[in-house]
Amino acid sequence: MTKITLYGHPDSGHANKVALALVLGGIAHETVFVDIWAAPETRPAAFLAASPLAQVPALVIDGEAMTQSGAILLEIARRWQVLGGESAAGMRRGAELLMWEANRIGMCLPQLIEARRPRGDSFPGGTVAWLTGRYETDRDNFARLLGKGPFFHGDAPGIGDCAIWGYVQWLDKAGVAPSEAMSGWIGRMQALPQMRPRGDSWFPA
């Protein structure tokens, strides 16, 4: 039986993306809490062996380690043929959405969250306004990317939905508001039977 271990933390949107994909894909796994707010050298030795940069998420499949949430999501879809991995078109769609998320909305939102976190990193003057402007552009493009389907992959969520959910779930923490299209999609994601209630972590300490 394949042994799958996911290392992550509740505050990591990237780790949450992978946890959601594993659950939606029906892939049995265990999760291990890693304290990302503690010094890297204090983190579990098995995790440090799997993640050379001491960053979450790290996914270990039968002893083979993978890092970087986008690469892990693509591997999940391809290996188990789920969440868009059932077809070449689904994989192309997933890859496009992962690239958009990483370079656009998934870049500005975590930085806005960090800027507003108590004792969070400080940013040069004008940075928060610039990040907010980028988010507003992405928010306006959200409906175009979503299209007519209830999810980014159509009738059912795929790896693109998992990636975008990673930080869009925390718009309130980022101090920004959703568009109507975003609100509808967020509601449908929250209604998925596999989704954890807000505040209930995939990575209990």
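### Here we look at the pairing of strand β4 (residues 64-67)
Side chains on a regular strand alternate between the two faces of the sheet.
(1) Moving on: Here strand β3 (residues 58-61) pairs with β4 via four bridges, running antiparallel. When the bridges of β4 are listed, L59 appears paired with M66.
(2) Moving on: Turn length for the β3-β4 hairpin, with the two strands adjacent in sequence and antiparallel, is two residues, and the turn residue D62 shows positive phi of about 50°.

### With respect to the sheet that holds strand β1 (residues 4-8)
(1) Moving on: In spatial order, the strands read β2-β1-β3-β4; together these four strands make up an open sheet with mixed pairing. Looking at which strands have only one partner, the edges of the open sheet turn out to be β2 (30-33) and β4. When the angles between neighbouring strand axes are averaged without regard to direction, this sheet yields 20°.
(2) Moving on: Both β1 and β3 contribute to a ladder of four bridges, which runs antiparallel. Across the sheet, Y7 pairs through a bridge with A58, a residue of β3.
(3) Moving on: Relative to the sheet, helix α1 (residues 13-24) contacts β1 and β3, its axis offset from that of β1 by approximately 150°.
(4) Moving on: Along the sheet, helix α3 (residues 69-80) contacts β1, β3 and β4; its crossing angle with β4, the most-contacted strand, is approximately 125°.

### Looking at helix α5 (residues 105-116)
The periodicity of an α-helix, 3.6 residues per turn, causes residues three or four positions apart to be oriented the same way.
(1) Moving on: Helix length check: α5, at twelve residues, gives a terminal C-alpha distance of 17 Å against a target of 16 Å (1.5 Å per residue), a fit within 8%.
(2) Moving on: Of all the positions in α5, only I105, G106, C108, L109, P110, L112, I113 and E114 are classed as buried.
(3) Moving on: On the buried face of α5, the contacting elements are α4 (88-103), α6 (127-146), α7 (159-168), α8 (171-174) and α9 (180-190).

What counts and how
Residues numbered from 1 in each chain as written. Predicted model: local features only at pLDDT ≥ 70, side-chain atom pairs only at ≥ 80, totals over all residues. Heavy atoms only, no water. Pairing = 2+ DSSP bridges. Helix = DSSP H or I, 4+ residues; strand = E, 2+ residues; numbered from the N terminus. Axes fitted to C-alpha atoms, helices over the stretch in contact; angles between N-to-C directions. Contact = heavy atoms within 4.5 Å. Expected span 1.5 Å × (residues − 1). Buried < 20%, exposed > 50% of the residue type's maximum accessible area, 1.4 Å probe, protein only.

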